[in-house]
Every structure is written in C-alpha cells, then in structure tokens.
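Here's the letter readout for the chains.
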Amino acid sequence: MLSGFPASSGTDPDMQIRAYLLAIDGIPLEAVWQAAKLFISGKVRNHNRAFAPSSASFAEQCRRQQAAITAQSRPRVAPAPEPPQPKVAAYKMQLLRDAANGSRSARRELAKMFPDNPIIARATRHEEALR
C-alpha cells in the first residue's frame, strides 16, 4: 500500500508497517483488505491522496469496514405481514363516493347504516336543519 503514495517514499517502510500492524491489531483481515483498497483507489473522504494514511486513519477506516461487514452479515428481519382487512362491500364504497361528491341521499343512507358515527349523523342533521 505504501508504494501507491509517491509523497510517502521518504518514510521508513518497516516502521510504517509496524505502526499499521499495531493500529489494526484485532481487526479481521477482510476489513483491513477493504480499507486498503479504499485508500489505494482514492475513495476515502478527506484523505490527502498524495500521502499514505496515518496508522490511526487506516485503523479507523478498518473499523468502519468491519462495522459494514458485520451489518451486512446480520440476518434480515422480515416485515410483519399486514393483518387482513375486512372487505367493504362495493355498494358501500359507492355510497361513500357519492356522499363525498355531495349526494344528500347517499349521506342519509350512510347515516341509517352507521347511526353511531357522529360525523355522518352530524352532517345529516345539519342538512335536515337547512331544509
């Protein structure tokens, strides 16, 4: 990885590698490989692409990659199926459409069907008071 960054050619590669190994101790190799690929390909944000990453930056990117790998390997939770809804008869739906479009007879019919519904009852009483 160090040879991919020209401005880092003056650093001692053995010391740099030791610092990287110390920083990534305990991080799985897959995460280390993914982080190295990101740095080499220039896909790490806020990184000066002329210089090799510091051991701390590299270890931080390795931990991010490990978190992503862990998240991807978790089993997916399937959404709960929606409970079946009761079917509404077609004529009731037609009455609702007619009432929404201003049909007084449809509102009266709905008021008879649903006498406990305060909205329908109030609208019907209001219409009767206007007559």
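Everything numeric in this text was worked out from a predicted model, so none of it was measured. (Residues numbered from 1 in each chain as written. Predicted model: local features only at pLDDT ≥ 70, side-chain atom pairs only at ≥ 80, totals over all residues. Heavy atoms only, no water.)

## Observations concerning the overall build of the protein chain
- The helix and strand tally for the protein chain stands at 6 helices and 0 strands.
- When the elements of the protein chain are put in sequence order from the N terminus, they spell out α-α-α-α-α-α.
- The 131 residues of the protein chain split such that 24% are buried.
- In the protein chain, the share of contacts with a sequence separation of at least 24, taken over all contacts with a separation of at least 6, comes to 56%. (Helix = DSSP H or I, 4+ residues; strand = E, 2+ residues; numbered from the N terminus. Buried < 20%, exposed > 50% of the residue type's maximum accessible area, 1.4 Å probe, protein only. Contact = heavy atoms within 4.5 Å.)

## Overview of the environment of Thr-70
- Structurally, Thr-70 is set in helix α3 (residues 55-73).
- Residues Thr-70 and Ala-31, spaced 39 residues apart in sequence, show a C-alpha to C-alpha distance of 9.9 Å.

## Points about the packing of helix α1 (residues 13-23) against α3
- Packing of α1 against α3 leaves a shortest axis separation of 9 Å and a crossing angle of 40°. The way α1 lies across α3 gives a crossing that is right-handed. Between α1, through Gln-16, Ala-19, Tyr-20 and Ala-23, and α3, the contact on the second element is made entirely by Ser-55, Phe-58, Ala-59 and Arg-63.
- The residue makeup of the contact of α1 with α3, split by class, is 5 nonpolar, 2 polar and 1 charged. (Axes fitted to C-alpha atoms, helices over the stretch in contact; angles between N-to-C directions. Left-handed = near helix turned anticlockwise from the far one by under 90°. Nonpolar A, V, L, I, M, F, W, Y, C, P; charged D, E, K, R; others polar.)

## Brief notes about the pattern of salt bridges
- All chains considered together, the criterion is met by 1 salt bridge.
- For Glu-60, the salt bridge is made with Arg-64, and the minimal N-O distance between the two is 2.7 Å. Of this pair, Glu-60 and Arg-64 both sit in helix α3, separated by 4 residues, roughly a single helical turn.
- Taking relative accessible area as the criterion, Glu-60 reaches 35% and is therefore assigned partly exposed. (Salt bridge = Lys/Arg side-chain N within 4 Å of Asp/Glu carboxyl O.)

## Describing helix α5 (residues 104-113)
- The complete set of buried residues in α5 reads Ala-106, Leu-110 and Ala-111. Looking straight down α5, one finds its buried side chains confined to an arc of 140°; they lie on one side. (Arc of directions from axis to C-beta.)

## Focus on the packing of aromatic side chains
- All told, the structure shown has 2 aromatic pairs when counted by the stated rule.
- Between Tyr-20 and Phe-58, the ring centres sit 5.2 Å apart and the planes meet at 55°, which makes this aromatic pair tilted. Of the two residues, Tyr-20 is situated in helix α1 and Phe-58 in helix α3; the sequence distance between them amounts to 38 residues. As far as burial versus exposure is concerned, Tyr-20 and Phe-58 are alike and both buried.
- You can call Phe-58 buried: its relative accessible area is 4%.
- Three or more aromatic residues joined by ring pairs make a cluster, and in this case those are Tyr-20, Phe-39 and Phe-58. (Phe/Tyr/Trp six-rings, centres within 6.5 Å; stacked < 30°, edge-to-face > 60°.)

## Observations regarding a nonpolar patch on the surface
- A surface patch of nonpolar side chains, amounting to about 250 Å² of accessible area, comprises Val-88, Met-93 and Leu-96.
- Mapping Leu-96 onto the fold places it in helix α4 (residues 90-100). (Patch = residues over 30% accessible without salt bridge, like charges linked within 9 Å, V, L, I, M, F, W, Y side chains within 5 Å. Areas by Shrake-Rupley, 256 points an atom, 1.4 Å probe, with all protein chains shown as cover.)

## Describing the environment of Arg-18
- Structurally, Arg-18 can be placed in helix α1.
- Once the C-alpha coordinates of Arg-18 and Ser-55 are considered, the two residues, 37 residues apart in sequence, prove to be 9.2 Å apart.

## Some thoughts on the nonpolar core
- By size, the foremost hydrophobic cluster in this structure holds 13 residues, and its most contacted members are Ile-24, Ile-27, Val-32, Phe-58 and Cys-62.
- Considering each element in turn, this core owes the most residues, 5 residues, to helix α2 (residues 29-40). (Core = buried A, V, L, I, M, F, W, Y, C linked by side-chain atoms within 4.5 Å.)

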